[in-house]
Amino acid sequence: VFVRRHNVAGLSGDEIALRIEALQAIRRRQLLPLLWVATDQEGGRVARLSPPLAPQPTLRDAIGQATSPQARRDIVKAYATLQARGLAGLGVNLNFAPVVDLDWGIVNPEDQHTRINARVVSRDPVLVGDIAATYCAALAAQRVHCTLKHFPGIGRVFEDTHRQPAALGVPLAELETTDLVPFRRVLADGDAAAVLMMSHVLVTALDKDDPASRSAAVVQRYIRDAWGFDGVIVTDDL
C-alpha cells in the first residue's frame, strides 16, 4: 500500500492510523503477513505525509551546521528517529528514503518531477553512505524500513525519466568507486533493514537495451548474483 497526501487529505493522524490498521486487521484474520505500507517522507519538498506529520528540512540542510562526523551522525540519528516515530505512529512501515544519489551539480530547468539536485546530500560517496547507514539504522530501530534510491544513482542524469528515456554511459569500474558506493555500503549493513529502489535509466555498462528497473542483467546478474543482495527490490512511477 502506498500512501500520499491526496489519499489522506483532510484526515487526522489518528484517522489515517485507523484506516491502515483496518487493512492490517484483515491480513491478521486471514493469517497472512502484514502489508508493506509505504510513503515518500524524505524531508524538504518530498514529504507526502506532512501534514499530518510535522515538516522537516532536507537531510542536507539538517546536517549543515554539523562541526564533526560524530555531530553529523547525531543529527541524522535524531532526524531519522523523529521521522520514523511519526511514520510508525500512522502504521507506515516502509519509507521511500533516503536519497543516496550523488550531487554532480546537474540542474535541468525543464525537470518538474525528479528535481534530484534539490534532494541530494553530497558528492562524496563515503559521506553519503555514512549518512544513509545512520539514517537507516535509526528507522530500523523504530521498525520502519528505509529505501535506498535511485539505483544506480541518477545524480549524473540530465533527463527526467518520468517523461523521457535516459542513459548512464559511465564505465562500471567508475560507478563502483562513485555512485554505487552508498548503495553497497548500506546493503551490506545488517542493521539497516534496507529496501532497494531501481531507477529507470539505462546502465549501459550492464545492459544497453533495458532500463535498470526491468533489466535482468542489472537486477538478477549484478545485484542478486554479483552483490549477493537477497532483500526487497522495488521501483516506482513506471
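Quick look at the structure, then. These numbers come from a predicted model, not from an experiment. (Residues numbered from 1 in each chain as written. Predicted model: local features only at pLDDT ≥ 70, side-chain atom pairs only at ≥ 80, totals over all residues. Heavy atoms only, no water.)

**Some words on the overall build of the protein chain**
- Counting secondary structure elements, the protein chain contains 7 helices and 9 strands.
- By the compact-globule yardstick of 18 Å for 238 residues, the protein chain fits well, its C-alpha radius of gyration being 18 Å.
- Dimensions of the protein chain, computed from the C-alpha atoms along their principal axes, are close to 50 × 45 × 40 Å.
- Put simply, the protein chain has 238 residues, and 48% of those count as buried.
- In the protein chain, the share of contacts with a sequence separation of at least 24, taken over all contacts with a separation of at least 6, comes to 71%. (Helix = DSSP H or I, 4+ residues; strand = E, 2+ residues; numbered from the N terminus. Rg over C-alpha atoms; globule rule 2.2 N^0.38 Å. Buried < 20%, exposed > 50% of the residue type's maximum accessible area, 1.4 Å probe, protein only. Contact = heavy atoms within 4.5 Å.)

**Quick word on the sheet that holds strand S9 (residues 233–235)**
- Here we have 3 strands laid out as an open sheet, ordered S5-S7-S9, and parallel in their pairing. Each edge of the open sheet carries a strand with a single partner, namely strand S5 (146–151) and S9. For this sheet, the mean angle separating the axes of adjacent strands, direction not counted, is 35°.
- Taken together, the 4 bridges between S5 and strand S7 (residues 194–198) define a ladder with parallel strand orientation. Its bridge partner being in S7, Cys146 is matched across the sheet by Ala194.
- Running at roughly 150° to S7, helix H7 (residues 216–226) makes contact with S5, S7 and S9 of the sheet. (Pairing = 2+ DSSP bridges. Axes fitted to C-alpha atoms, helices over the stretch in contact; angles between N-to-C directions.)

**Quick look at H7**
- Among all positions in H7, only Ala217, Val218, Val219, Tyr222 and Ile223 are buried.
- Buried residues in H7 make contact with S5, helix H5 (172–175), S7, strand S8 (202–203) and S9.
- For H7, the N-terminal cap is Ser215; the gap from its side-chain oxygen to the backbone nitrogen of Ala217 is 3.3 Å.
- Looking at the residues trailing H7, positive phi occurs at Gly228, about 75°. (Polar contact = N/O pair within 3.5 Å; in protein donor to acceptor, adjacent residues only side chain to side chain.)

**Observations regarding the packing of aromatic side chains**
- Enumeration according to the criterion identifies 4 aromatic pairs in this entry.
- Aromatic pair Phe151 and Trp227: ring centres 5.7 Å apart, planes at 85°, arrangement edge-to-face. Of this pair, Phe151 sits in strand S5 while Trp227 sits in the loop between H7 and S9, and the two are 76 residues apart along the sequence. The exposure classification of Phe151 matches that of Trp227, with both residues buried.
- Centre to centre, the rings of Tyr222 and Trp227 are 5.3 Å apart; their planes meet at 50°, and the pair counts as tilted.
- Take Tyr222: its relative accessible area is 7%, and that puts it in the buried class.
- According to the relative accessible area criterion, Trp227 is buried, its value standing at 14%.
- Clustering of aromatic rings is evident, with ring pairs tying together Phe151, Phe183, Tyr222 and Trp227. (Phe/Tyr/Trp six-rings, centres within 6.5 Å; stacked < 30°, edge-to-face > 60°.)

**Topic: the nonpolar core**
- If you look at the biggest cluster of nonpolar residues, it comprises 60 residues, and the most contacted ones within it are Tyr135, Leu148, Phe151 and Leu196.
- If you list the elements that add at least two residues to this core, you get helix H1 (13–29), helix H2 (59–62), helix H3 (69–90), helix H4 (125–141), S5, helix H6 (181–187), S7 and H7.
- With 9 residues, the single largest contributor to this core is H4.
- Leave out the neighbours within four places in its chain, and Tyr135 touches Gln41, Leu59, Val76, Tyr79, Ala80, Gln83, Asn95, Ala97, Pro98 and Cys146.
- Judged by nonpolar contacts, the second largest core, of 5 residues, contains Ala38, Leu94, Val195 and Met197. (Core = buried A, V, L, I, M, F, W, Y, C linked by side-chain atoms within 4.5 Å.)

**Observations concerning H4**
- Here H4 is 17 residues long and its end C-alpha atoms lie 24 Å apart, about the 24 Å a rise of 1.5 Å per residue gives.
- For H4, the buried fraction is high: 13 of the 17 residues fall into the buried class.
- A distance of 3.0 Å separates the backbone nitrogen of Val126 from a side-chain oxygen at the start of H4, and that oxygen is part of Asp124.
- At the C-terminal side of H4, Arg143 shows a positive phi close to 65°. (Expected span 1.5 Å × (residues − 1).)

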